[in-house]
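Fold and geometry: a report
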Amino acid sequence: MHDGGGDRAQTVAALDRLLPALTDQGYRFTTVSAGIDAAPSMVAAPAGSRLSGTALRWTQRAAHWSAQAMNLLLAVALVLGVARLVVQVVCAQRHVRRVRRPRHTRPEVRAPVSVIVPAYNEAANIAATVRSLLASAYPALEVIVVDDGSDDGTADIVERMRLRGVRVIRQANAGKPAALNTGIRAARANLLVLVDGDTVFQPDTVYRLVQGFADPSVGAISGNTKVANRRRLLGRWQHLEYVIGFNLDRRMYDVLECMPTIPGAIGAFRREVLLRVGGVPSDTLAEDTDLTMKVLRAGWRVVYEEAAIAWTEAPSSLRQLWRQRYRWCYGTMQAMWKHRHALRESGAGGKLGRRGLPYLTVFQVVLPLTAPAVDVFAVYGLLFLPWSTLALAWVGLLLLQAATAGYALRLDRERYGPLWALPFQQVIYRQLMYLVVVQSVVTALIGNRLRWQRMVRTGEVAALIGAGQR
C-alpha cells in the first residue's frame, strides 16, 4: 500500500516487523489476484514497453547529469569571471600608482626614431596615418612605408604627398611580417616604432611611447590603442572591450612583468632586440603576440605606456569582426603553444611561462568555453525558476561589470556615455566572442590551417580624426 515513488525503506522496515507477528497468529497473506481466483496480474511487459521504459530512465539520468554539469560550468564561469575582474582592478591600481608618480630622475629620451608602416591596400587611411606621424612633436623622426604588393595605389598616394622624411619601399606581396622585416632592415634609427596602416597618432604619441627606453632593461613598449569609429553600436562595443579588457589587461601584465602582446597598431622596440630575436616571425597568425613573447624569452622587459595613444579603425560589420577575432584567437593559441617551453625558463621568459601563459589559458580559452553555461542557465531560469531570482543574479553581475567598466573608462580618461551599451554587449557581443573561441579551439584540435583574414578598410579613421573626434 506504499504511495509510490520516494524512499520505501521505512515501509519495508515496518512490514518486516509486522508480518512475522501476524503470521504467528494464523493469518495468511496472498495477492489480490489469488485471493479472488483472478488471472495473475504480474505479466511480462512487451519488448516495446521495456525499450521505452529503459529510454525514459536513461533520459532522466542524462538530464540529471546535464543539470549537474551545467551547475558546475556556471560556478566555474562565475568564479573565473569575478576573479579576473578583481585581479584586473587590483593590478590596475598598482599600475596607476607606479606610472603616475613624479619621475624626476629618469632621463628624457630624444634618440632618433624610425616609424615602420606595413601597408597592403591601405589607400583609405594611409594618408591620414602618414600625416599624423609627421605631425609628431618629436625632434628626429623618419617614416618608412613598406607597400606589400598593394593593388589600390597605396604607395602612389604616399609618393604623391612628397613629404620630407617619408620613404616608400615597394615589394611583392609577402605578408605583414615580411613587410615589417623589410622596414626594420631599412631603418636608420636604433629605436623603432611599428604602426599599422590604418592607425592615426596624436602629436605626443611617439614622444610618450619611447620614454620607457630610458630604462636599459626595457626592450619593447606597448601603446594604448583606441577605437576611432565608435559612433555605431558595434563600434561602441569594441570601444568598451578595448578599454575594459585589453587596456586593463595590459596594466595587469605590466605589473606582473609578463606582457604577452604588443598590438600591431602601436609598439616600440629597440633595434638590437628585434635583430637578436630574428625579426618579426611569420609562422603564426598573431605575429605581434609571437614577437612579444620572443622578446620576453630573450630576457627583456616589456612595459605598457598608457599615455601613448593610437586611434585605429575597428571592424564595422559582424562578419569582419568575426574574421578578425577568429584570426587573433587562433594565432594567440598558436603562439602560446609555440612558447610553451617558457614554463621551464627563468627570468622574463619564466614570468611569461608561469604568469602570462596560464592567465591566457584560463581567461582567453577556458573561461569563454565555460561561460555559455551562464546563458544556458538563464534560459533554464526563464522557463523553470522564479524570474525575480534570475533578474537579481543577472543585475548583480551586470552592476559588477558596470563598476569595473566605469573604473576602466576613468583610468583611460574616457567619457562614461558608452556604458549604456554594456547590457546589450552582454546579450549579443559576448556570445559572439565566445563562439569565436569555440571555433578556434575546434580548428586547432582537428589540425586545420587558418589563412590570414584581411579586414576591408572604410577610411572612417581618417574622416573621424580629421573632423576632430577624440
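Structural notes, computed from the coordinates. (Residues numbered from 1 in each chain as written. Predicted model: local features only at pLDDT ≥ 70, side-chain atom pairs only at ≥ 80, totals over all residues. Heavy atoms only, no water.)

1. Quick look at the overall build of the protein chain
Where we set the bar: Each helix corresponds to a stretch of at least 4 residues labelled H or I by DSSP, and each strand to a stretch of at least 2 residues labelled E; elements are numbered beginning at the N terminus. Here the radius of gyration uses the C-alpha set of atoms, whereas the globule reference equals 2.2 Å times the residue count to the power 0.38. Throughout this description, buried means an accessible area under 20% of the type-specific maximum (1.4 Å probe, protein chains only), exposed means over 50%, and partly exposed covers the range between.
When you go through the protein chain residue by residue, the secondary structure sums to 16 helices and eight strands. Against the compact-globule benchmark of 23 Å for 470 residues, the protein chain has a radius of gyration of 31 Å, which places it well outside the compact range. Taking the principal axes of its C-alpha atoms as reference, the protein chain extends roughly 120 × 50 × 45 Å. Going through the 470 residues of the protein chain one by one, you find that 47% of them count as buried.

2. Here we look at the packing of helix α3 (residues 47-99) against helix α8 (residues 233-256)
Helices that pack against each other are described as a pair by the angle of their axes relative to one another and the distance between those axes. We count it as follows: Inter-axis angles, ranging from 0 to 180 degrees, are taken between N-to-C directions of lines fitted to C-alpha atoms, where helices are fitted over the stretch in contact. A crossing counts as left-handed when the near helix is turned anticlockwise from the far one by less than a right angle, and as right-handed when that turn is clockwise. Note on definitions: a residue-residue contact is assigned when non-hydrogen atoms from the two residues lie within 4.5 Å. Each residue is assigned to one class: nonpolar for Ala, Val, Leu, Ile, Met, Phe, Trp, Tyr, Cys and Pro, charged for Asp, Glu, Lys and Arg, and polar for all the others, Gly among them.
Where α3 meets α8, the axes come as close as 8 Å, and the angle between the chain directions of the two elements is 65°. Judged by the sense of rotation from one axis to the other, the crossing of α3 with α8 is left-handed. Judged by residue contacts, R84, V87, Q88, C91, A92, R94, H95, V96 and R98 of α3 engage I244, G245, L248, D249, R251, M252, D254, V255 and L256 from α8. Looking at the contact of α3 with α8 residue by residue, the classes come out as nine nonpolar, three polar and six charged.

3. Comments concerning empty space enclosed by the protein
Quick reminder of the rule: Of the two site types, the cavity is a set of points on a 1 Å grid over the protein atoms alone where a 1.4 Å probe fits but cannot get out, and the pocket is an open set with protein on both sides within 12 Å along at least five of seven lines, each lined by residues with an atom within 4 Å of a point. Grid points are joined across faces, edges and corners, and a volume is the space filled by probe spheres set on the points.
Within the structure shown, the criterion is met by one cavity of 30 Å³ or more. Its boundaries defined by the atoms lining it, the largest cavity holds a volume of some 110 Å³. Lining the largest cavity are 15 residues, with L180, L194, P263, G264 and D288 positioned closest to its centre. At the level of secondary structure, the elements contributing two or more residues to the lining of the largest cavity comprise α6 (176-186), β7 (267-270) and α10 (287-297). Residue classes in the lining of the largest cavity are distributed as nine nonpolar, two polar and four charged.

4. A few points about the pattern of salt bridges
If charged atoms from side chains of opposite charge come close, those side chains can pair. Just so we agree on the cut-off: Only one rule defines a salt bridge in this text: a Lys or Arg side-chain nitrogen within 4 Å of an Asp or Glu carboxyl oxygen.
For the structure on display, the rule yields 22 salt bridges. For the salt bridge of R188 with E142, the shortest nitrogen-to-oxygen distance reads 3.0 Å. Residue R188 is found in the loop between α6 and β4 (191-194), and its partner E142 is found in strand β2 (residues 141-148); the two are separated by 46 residues along the sequence. Take E142: its relative accessible area is 9%, and that puts it in the buried class. Across the pair E414 and R230 runs a salt bridge, and its minimum N-O distance is 3.0 Å. Residue E414 is found in the loop between α14 (387-411) and α15 (422-446), and its partner R230 is found in the loop between β6 (218-227) and α8; the two are separated by 184 residues along the sequence. Each of the two residues, E414 as well as R230, counts as buried.

5. Considering the nonpolar core
Grouped burial of nonpolar side chains is what soluble globular proteins tend to show. As a reminder, the rule being used: Nine residue types can take part in a nonpolar core, namely buried Ala, Val, Leu, Ile, Met, Phe, Trp, Tyr and Cys, and a core is a set of them joined through side-chain atoms within 4.5 Å.
Counting 43 residues, the largest nonpolar core has I116, Y253, F269, L291, M293, V295 and V302 as the members making the most contacts within it. A per-element tally of this core places helix α12 (residues 347-370) first, with seven residues. If sequence neighbours within four positions are ignored, V295 has contacts with A220, F269, V273, V277, W300 and V302. Counting 31 residues, the second largest nonpolar core, distinct from the first, contains V109, V158, L209 and A308.

6. Describing the pairing of β6
It is a general feature of regular strands that their side chains alternate between the two faces of the sheet. For clarity, the cut-off: In this description, strands pair whenever DSSP reports at least two bridges between them.
In terms of residue burial, β6 counts as a mostly covered element, since 10 of its 10 residues are buried. Two strands pair when backbone bridges link them, and β6 and strand β8 (residues 301-312) are joined in this way by eight bridges, in the parallel orientation. Residue pairing in the sheet places V218 in a bridge with R301 of β8.

7. A short note on the sheet that holds strand β1 (residues 113-119)
Strand order in the open sheet formed by eight strands is β3-β2-β1-β4-β7-β6-β8-β5, and the pairing between neighbours is mixed. Each end of this open sheet is capped by a strand with a single partner; those strands are β3 (166-171) and β5 (200-201). Running at roughly 160° to β6, α8 makes contact with β6 and β8 of the sheet.

8. What to know about α3
Cut-off, in case you're wondering: What a helix is expected to span follows from its residue count: subtract one and scale by 1.5 Å.
Its 53 residues give α3 an end-to-end C-alpha distance of 76 Å, which sits within 8% of 78 Å, the value for a rise of 1.5 Å per residue. Within α3, burial applies to M70, L74, A77, L80, R84, L85, Q88, C91, A92, H95, V96 and V99.

9. A closer look at a nonpolar patch on the surface
Rules: What goes into a patch is any residue over 30% in relative accessible area without a salt bridge, connected to like charges within 9 Å or, for nonpolar side chains (Val, Leu, Ile, Met, Phe, Trp, Tyr), within 5 Å. Exposure was quantified through the Shrake-Rupley algorithm and a 1.4 Å probe, taking into account, for residues, occlusion by the shown protein chains and nothing else.
A contiguous nonpolar surface patch, about 710 Å² in accessible area, is contributed by V379, Y380, L382, L383, F384 and W387. Per element, the largest residue contribution to the nonpolar patch is five residues, and it comes from helix α13 (residues 372-384). When you line up the elements, W387 lands in helix α14. On the basis of relative accessible area, W387 is assigned to the exposed category, the value being 61%.

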